[in-house]
Amino acid sequence: MLQDIRDKSQGIVVKIIVGFIIVTFALFGVDALVQSFNSSDTVAEVDGVEISRTQMLQGAETQRRQLISMMGGQVNPALLEDNLLQRRALEELIQRVVLANQAQGLGLGVSDEQVNAYLLQAEQFQTDGQFDQNKYLNFIRSLGFTPLAFKERIKQDVLIQQPRNAIAGSEFVLPYQVDSVAKLQSQQRSYDYVSFSLASESENTSVTEAELQAYYEANKDNFKTPEQVKVDYVVVSSADFYGKVNVTDAELQDAYQASIAGLAQEERSASHILIETSDRSDADAQKRVEEIQEKLNAGEAFADLAATYSDDIGSKDDGGNLGYVEKGTIDQAFDDALFSMQKDEVKTVKTQFGYHIIKLDDITQPDVPSFASLEADLKQKLLDDKARDALLTAHEDITDLAYASDKLDAIAKEYGVDILQTAYFGRDGGSDEVSSNPSVIAAAFDVPVLEDGQNSNLIELNEDQVVVIHLNDHKPESFQSYEETKEQVASIVVQNKAVESLRAKAEAAKNAESTVWSSVTDAQRGQDEMTSLAFSLPHPDGQPVVAIKGLSNGDLALIRLNKVAIGEEVAPDEQQQLAYERYLNQTQATLSTQGLQDFLKNNAKIER
């Protein structure tokens, strides 16, 4: 199939088109070409600024990738449907244009140097504190941007953020606001309560067949078998490219050197005697060195001579011991001498500090694995990386093959993979790796696959696998029969009757003298679920406030709020006060920013 495409690319018409593309690339770049094909395809206009369909589709794709990146397999497939993503992307683009127009109207701007500085300093693009080009490119690729488009996006982000920062910076919090929050936080409530168990009531609740059938007929729409699809699919993996890549000996050697470069270096334990030249002449210093060397030759201990003669007060009382050092950590001349010596050898060297009489005490050699011991792992890693790169390069060809046909055979044949099939699954996904993937689910129920019978676009399962799907069968949504749902209906009807019964009992208990109340005094906010319900009631005004509330487990609670103690405590300490101030400041800044955005949007001329 790919060969057919290559063969057909030799025609004169294709050559003219390709020539046009090359000239456009050379003169204006990729973005100019994209705009040339889409400049008239406008989906919205904001105060004279056009938003193209391409921008909307790119925004939708970016949102899709962000959702998958943030939520992984937990993302709701409904959030990935094209129509929803495109609507959200268009709204975001409109909002960005409104804010960009405001910033430009205020005379604000952002230079390329500012954008470059921002990118170089961004932590997500750094490795060991340095800008990492590969990490940067992988990140923008994961969002579907080109480097040029990403920089333009960042440039606009920085621009529209300037008015927001100005608003946030102008917000302030008054002391009484902090006091109010502190008082609310320290508020205490005293209440009585009675709980009613739903589980116990359900056990004593009976229902008739007529009640079940009546509920089913009245709520038929709630008992449907959701629509399901079964899809065929092909998975192309990086492993499918192992036979098409190879690793050279030079690459293996480079990988080996890189792997051992980070291992511990050789260390040497040394002692020295320092004869400084700052307070004595060079001749006097040399005479002193000769004197020490004569005593060493006569058998006197190095440590004793260090204690007597050395001007290094940090080591002389420890026999001149410097401990273990790595190459490159001391003065160059000292370093060269030390790492050229044999164990127990003594040498004299002059540095900027004076003369050093050095004794090499010990050498520790790092345990460096041999090339042979690492070769297999290094080769496999290189093969994995190359195969992964080959798969990435093949994305475009796979996409072309999926688009050029309404079947999966061409892809399967080109890459030597099988056409597989899922079981039926609904919009909540299936149980295998493919049918449970949110992007696959969204594609399976999207118009091109579900209604038009087309292949899906290429979908990334992970960095080593991509998949293309095609509809095999579709089961529309259908009603379940009463017999199929009887057990479920019974459970619902029993619970509903039990809740009604509990609510009647709670109402009767409000004023009954036989009611046994449990009391809680001076409860604090967030103490437990019952207390949280008590804090949801209004303040008593002369009489207790009584209400029936539902608990998270289905039980009901009859709560009688008797007293609210207004907190008198201002922020208990400086740290808590700062936390309250930050909370209020952020809340006010968010509200002000949102209010301004709404105002600008409401006053903009927007045509869709």
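For clarity, every value in this text was computed on a predicted model and none was experimentally measured.

K.L.:
What should I look at first to understand the overall build of the chain in this one?
P.N.:
Along its length, the chain carries 22 helices and 19 strands. On C-alpha atoms alone, the chain measures out to a radius of gyration of 38 Å, which is more than a quarter above the 25 Å that the 2.2 N^0.38 rule sets for 608 residues. C-alpha atoms of the chain, sized along the principal axes, occupy 115 × 85 × 60 Å. Evaluated residue by residue, the chain yields a buried proportion of 35% over its 608 residues. Considering only residue pairs separated by 6 or more positions, the chain has 71% of its internal contacts joining residues 24 or more positions apart. With the model as given, the accessible surface of the chain reaches about 35,600 Å², and the carbon-plus-sulfur share is 49%. Between the mean site of the 53 positive side-chain charges and the mean site of the 99 negative ones, the chain shows a separation of 3 Å.

K.L.:
Just checking my understanding: could you explain the environment of Ala-122 for this structure?
P.N.:
Inspection of the secondary structure assignment puts Ala-122 in the loop between α6 (112-121) and β3 (126-127). Along the chain, Ala-122 and Tyr-136 lie 14 residues apart, while their C-alpha atoms are 9.7 Å from each other.

K.L.:
Honestly, the nonpolar core in this entry has me stumped. Any pointers?
P.N.:
Looking at soluble globular proteins, one finds that nonpolar side chains tend to be buried together. The biggest cluster of nonpolar side chains holds 28 residues, and the ones touching the most others in it are Val-234, Val-236, Phe-241, Ile-398, Ile-411, Tyr-415 and Val-468. No other element matches the ten residues that helix α16 (residues 371-404) contributes to this core. Ignoring sequence-local partners within four residues, the contact set of Ile-398 consists of Val-236, Leu-391, Ile-411, Tyr-415, Leu-458, Val-466 and Val-468. Membership of the second largest hydrophobic core comes to 18 residues, among which are Tyr-233, Ala-444, Phe-445 and Leu-450.

K.L.:
Looking at this model, I keep getting lost on the sheet that holds strand β2 (residues 49-52). Mind explaining?
P.N.:
Note on sheets: strands pair through backbone hydrogen bonds, and any given pair is parallel or antiparallel. Taken together, the three strands give an open sheet; going across it, the order is β2-β1-β19, and neighbouring strands pair in antiparallel fashion. With one partner strand each, in any of the chains shown, β2 and β19 (606-607) form the two edges of the open sheet. Looking at chain direction, strand β1 (residues 42-46) and β2 are connected through four bridges and run antiparallel. Its bridge partner being in β2, Glu-45 is matched across the sheet by Glu-50. Packed on one face of the sheet, helix α4 (residues 53-71) meets β1 and β2 and runs near 60 degrees to β2.

K.L.:
Can you walk me through the sheet that holds strand β5 (residues 188-196) in this structure?
P.N.:
A sheet is described by the order of its strands in space; here four strands give the open sequence β16-β5-β18-β17, paired in antiparallel fashion. On the outer flanks of this sheet lie β16 (518-524) and β17 (545-550), each paired with one strand and no other. Within this sheet the neighbouring strands show an average axis-to-axis angle of 30 degrees, counted without direction. As judged from the five bridges shared by β5 and β16, these two strands associate in the antiparallel manner. In the sheet register, Tyr-193 faces β16, and the bridge partner there is Ser-518. Against the sheet, helix α20 (residues 482-509) makes contact with β5, β17 and β18 (556-565), and its axis sits at roughly 40 degrees relative to β18, the strand it touches most.

K.L.:
Please explain a nonpolar patch on the surface as it appears in this structure.
P.N.:
Among the surface-exposed residues, Phe-172, Leu-174 and Tyr-176 lie close enough to one another that they form a single nonpolar patch of about 350 Å² accessible area. In this structure, Phe-172 sits in the loop between α8 (147-170) and α9 (175-185).

K.L.:
What is the right way to read unusual backbone geometry from this model?
P.N.:
For Asp-344, which is not glycine, the phi torsion reads 75 degrees and is therefore positive. Along the chain, Asp-344 falls in the loop between α15 (332-338) and β10 (346-351). Its identity as a non-glycine residue notwithstanding, Asp-522 has a phi of 50 degrees, on the positive side. By the element assignment, Asp-522 lies in strand β16.

K.L.:
How should the packing of aromatic side chains be read in this particular structure?
P.N.:
Geometrically, a pair of aromatic rings is defined through the distance of the ring centres and the angle of the planes. Across all of its chains, the model carries 13 aromatic pairs by this definition. Pairing Tyr-215 with Phe-223 gives two aromatic rings, centres 6.5 Å apart and planes at 70 degrees, and the pair type is edge-to-face. We classify Phe-223 as buried; its relative accessible area is 1%. An aromatic cluster of three or more residues is present, and its members are Phe-125, Phe-131, Tyr-136, Phe-139 and Phe-150. The ring of Tyr-424 has Lys-475 sitting right over it, with the charged end atom 4.1 Å from the ring centre.

K.L.:
I tried to follow the confidence of the model for the chain on my own but got confused; where do I start?
P.N.:
Regions with low pLDDT should not have their predicted coordinates read in detail. Across the chain, pLDDT averages 86, with 91% of residues at or above 70. Across residues 1-40 the pLDDT falls below 50, and counting only partners more than four positions away or on other chains, this stretch makes 26 contacts in the model.

K.L.:
Explanation requested: the pattern of salt bridges in the structure shown.
P.N.:
A side chain of one charge can pair with a side chain of the opposite charge if their charged atoms are brought near each other. Tallying each qualifying case throughout the model produces 29 salt bridges. Here Arg-64 makes a salt bridge to Glu-61, at a shortest N to O gap of 2.6 Å. With a gap of three residues between them, Arg-64 and Glu-61 both fall in helix α4, about one helical turn apart. We note a salt bridge from Arg-153 to Asp-157, for which the minimum N-O separation is 3.7 Å. Taken together, the residues span about one helical turn, with Arg-153 and Asp-157 both in helix α8 at a distance of four residues.

K.L.:
How should I be thinking about the pairing of β17 in this particular structure?
P.N.:
If a strand is regular, its side chains alternate between the two faces of the sheet. Across six bridges, the pairing between β17 and β18 is antiparallel. Bridge assignment links Ile-548 to a residue of β18, and that residue is Leu-558. Hairpin connection from β17 to β18: five residues lie between these consecutive antiparallel strands, with Gly-554 at a positive phi of about 100 degrees.

K.L.:
What is the right way to look at the packing of helix α13 (residues 282-297) against helix α14 (residues 302-309) in this model?
P.N.:
Angle between the axes and distance between the axes are the two parameters that describe a pair of packed helices. Interhelical geometry of α13 versus α14 gives an angle of 155 degrees and a closest axis separation of 10 Å. Taken together, α13 and α14 sit at an angle that is classed as roughly antiparallel. Classified by chirality, the crossing of α14 by α13 is right-handed. Contacts between α13 and α14 involve Arg-288, Glu-291, Ile-292, Lys-295 and Leu-296 from the former and Phe-302, Leu-305 and Tyr-309 from the latter. Classifying every residue of the contact of α13 with α14 by side-chain character gives five nonpolar, no polar and three charged.

So, how was this worked out
- Residues numbered from 1 in each chain as written.
- Predicted model: local features only at pLDDT ≥ 70, side-chain atom pairs only at ≥ 80, totals over all residues.
- Heavy atoms only, no water.
- Helix = DSSP H or I, 4+ residues; strand = E, 2+ residues; numbered from the N terminus.
- Rg over C-alpha atoms; globule rule 2.2 N^0.38 Å.
- Buried < 20%, exposed > 50% of the residue type's maximum accessible area, 1.4 Å probe, protein only.
- Contact = heavy atoms within 4.5 Å.
- Areas by Shrake-Rupley, 256 points an atom, 1.4 Å probe, with all protein chains shown as cover.
- Lys, Arg positive; Asp, Glu negative; His and termini not counted.
- Charge placed at Lys NZ, Arg CZ, Asp CG, Glu CD.
- Core = buried A, V, L, I, M, F, W, Y, C linked by side-chain atoms within 4.5 Å.
- Pairing = 2+ DSSP bridges.
- Axes fitted to C-alpha atoms, helices over the stretch in contact; angles between N-to-C directions.
- Patch = residues over 30% accessible without salt bridge, like charges linked within 9 Å, V, L, I, M, F, W, Y side chains within 5 Å.
- Salt bridge = Lys/Arg side-chain N within 4 Å of Asp/Glu carboxyl O.
- Phe/Tyr/Trp six-rings, centres within 6.5 Å; stacked < 30°, edge-to-face > 60°.
- Lys NZ or Arg CZ within 6 Å of the ring centre and 35° of its normal.
- pLDDT = per-residue confidence, 0-100.
- Parallel < 35°, antiparallel > 145°, perpendicular 65-115°, else oblique.
- Left-handed = near helix turned anticlockwise from the far one by under 90°.
- Nonpolar A, V, L, I, M, F, W, Y, C, P; charged D, E, K, R; others polar.

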